[in-house]
Amino acid sequence: MPARRLLVSTVTATAALASIAAGVSTASAGSADRTGPVTHKVSAAEHAATARLDIASIVKSAKPMPMPTAKGGAPSQSSLERGAEFKVGPVAPQSSATSKIVNGVADSYAGSLWPLGRNANPNRQVGKYYFQTPGGWSWCTATVVTAANKSTLITAGHCVVNPSTKGWYTNSFFQPGYQYGASTMGTWYGRQMWTTSGYYYNAAYADDMAAVALSTNAKGAIQNTTGSQGIWFNGPAGGLMRTALGYPKTDSRWPGYTANGEDARYCQWTNTYYSSGTWAGQEYLPCYMTGGASGGPHLSWVNSSWMGYVNSVNSNKGGIGSSWRHVMFGPYFGNAEGAVYNAAQGA
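Residues numbered from 1 in each chain as written. Predicted model: local features only at pLDDT ≥ 70, side-chain atom pairs only at ≥ 80, totals over all residues. Heavy atoms only, no water.

A. Up close: the state of the cysteines. Enumeration over the complete set of coordinates arrives at 2 disulfides. One disulfide in the model links Cys 140 with Cys 159; its S-S distance is 2.1 Å. Across the S-S bond linking Cys 140 and Cys 159, the dihedral sits near -85°, which makes this disulfide left-handed. A residue pair is termed long-range when its members are at least 10 positions apart, and Cys 140 in strand S7 (residues 136-145) and Cys 159 in the loop between strand S8 (152-155) and strand S9 (161-162) qualify at 19 residues. The disulfide partner of Cys 267 is Cys 287, and the S-S distance across this bridge is 2.1 Å. Where Cys 267 bonds to Cys 287 through sulfur, the torsion about that S-S bond is close to 75°, and the disulfide is right-handed. With a gap of 20 residues between them, Cys 267 in strand S16 (residues 265-270) and Cys 287 in the loop between strand S18 (282-286) and strand S19 (297-300) connect regions that are remote in the sequence. Assigned by exposure class, Cys 267 and Cys 287 land together as buried. Disulfides within the chain link the bonded cysteines, taken in sequence order, as 1-2, 3-4. (Disulfide = S-S within 2.5 Å. Helix = DSSP H or I, 4+ residues; strand = E, 2+ residues; numbered from the N terminus. Buried < 20%, exposed > 50% of the residue type's maximum accessible area, 1.4 Å probe, protein only.)

In structure tokens:
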């Protein structure tokens, strides 16, 4: 099947932010408010400890976050709430950065190797997000998106917190354009995380989305180095060509798919959205990618320089052994996800 691309003009951050409902509250994990985004702020002690970590050793030993499976179920009402469509456009890397222009990438659901360079778009904005769980070091995939603070990542909710224990993962850091043990652009540390109330309180995978605000490093805010993909909320709910990216690794639950977690992989196909039933509030595309790809972006409306819009993330797969085993689900980015982004980009 030939590659298909759509072009779109960007929308300024100022105009887009005006479309976000005013007065959205952000609750701390211990708050009685169960409607707005839930947040966790990294303590000064944790931040100092993270800065002393042996990053190279962690990168070498970390395990992929296992990909959740069969996470349908009744969504919370907030999962299905829709508002005015708004999007914030991508920001190209600085002039010294590589932004390779391509004619297209072949459609695939096989979780194939991403064919472009790690310092070229969109891999320049996509990378590995590492964190510590009670079971050890793990990674997901995350994306730098355009934000007022120039320091915002988008990933999956299950990459920042365990909704069963309410335990937030610690000592997080991000390496954009990761490949074989390193990023040529550097490392940025997490300073605050947010997820939706639907995911935090109800483990609703229709809201399995999170945002992370990063600290600056010697290079400054990450967006100034990597550029940023745009982000889109309350947009079309299905029938869009999506390019999903991630850093998956072989998982015995899905025999026949092999990946080493050291290179970016992708799936590219038209998405389908469920407005009711078991998977209400989620969308899917055929995709073989496995654990480690969690949180990776679903990009739409990319231009010829591979700058586009994140409007979902890799969240969970269909049941193992079922006809849905090679399907990747992701949350529709509606009001709840927009509130998470708005809280993060303003921090």
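That shown, we press on.
B. Layout of unusual backbone geometry. A cis amide bond, omega 0°, links Asn 121 with the succeeding residue Pro 122. With respect to the secondary-structure elements, Pro 122 resides in the loop between strand S5 (108-113) and strand S6 (126-133). The phi dihedral of Ala 203 is positive, around 50°, even though this residue is not glycine. Even without being glycine, Trp 301 reaches a positive phi, approximately 50°. Residue placement: Trp 301 occurs in the loop between S19 and strand S20 (309-313).

C. Up close: the nonpolar core. Judged by nonpolar contacts, the single largest core of 65 residues is most densely connected at Tyr 129 and Ile 154. No other element matches S7, which puts 6 residues into this core. Those residues in contact with Tyr 129 that lie beyond four places of it in its chain are Ser 138, Trp 139, Cys 140, Ala 142, Leu 153, Cys 159, Val 160, Ser 172, Phe 173, Phe 174, Met 193 and Val 212. By size, the runner-up hydrophobic cluster in this structure holds 11 residues, among which are Ala 244, Cys 287, Ala 293 and Met 328. (Core = buried A, V, L, I, M, F, W, Y, C linked by side-chain atoms within 4.5 Å. Contact = heavy atoms within 4.5 Å.)

D. Molecular detail of the sheet that holds S20. With mixed pairing, 7 strands are arranged side by side in an open sheet as S4-S14-S20-S19-S15-S16-S5. Two strands in the sheet have a free side with no partner beyond their single neighbour: strand S4 (86-88) and S5. When the angles between neighbouring strand axes are averaged without regard to direction, this sheet yields 30°. Here S5 runs beside S16; their pairing, made up of 3 bridges, is antiparallel. Residue pairing for S16: Leu 113 is matched across the bridge by Arg 265. Each of S4 and strand S14 (230-233) touches helix H6 (residues 335-345); the most contacted strand, S14, lies at about 145° to it. (Pairing = 2+ DSSP bridges. Axes fitted to C-alpha atoms, helices over the stretch in contact; angles between N-to-C directions.)

E. The environment of Ser 275, seen in detail. Considering the arrangement of structural elements, one finds Ser 275 in the loop between strand S17 (272-273) and S18. For the pair Ser 275 and Ala 237, spaced 38 residues apart in the sequence, the C-alpha separation amounts to 8.8 Å.

F. The sheet that holds S18, seen in detail. Ordered by their spatial adjacency, 4 strands build an open sheet running S17-S18-S22-S21, and the pairing between neighbours is antiparallel. Every interior strand has two partners, whereas the edge strands, S17 and strand S21 (316-317), have only one. Pairing analysis gives 5 bridges linking S18 to strand S22 (residues 327-331), with the strands arranged antiparallel. In the sheet register, Leu 285 faces S22, and the bridge partner there is Met 328.

G. Inspection of the confidence of the model for the chain at higher detail. Across the chain, the average pLDDT comes to 87, with 85% of residues at 70 or higher. Scored below 50 in pLDDT, residues 1-25 makes 51 contacts in the model with residues more than four places away or belonging to other chains. The low-confidence segment residues 96-103, where pLDDT is below 50, has 18 contacts with residues more than four positions distant or belonging to other chains. (pLDDT = per-residue confidence, 0-100.)

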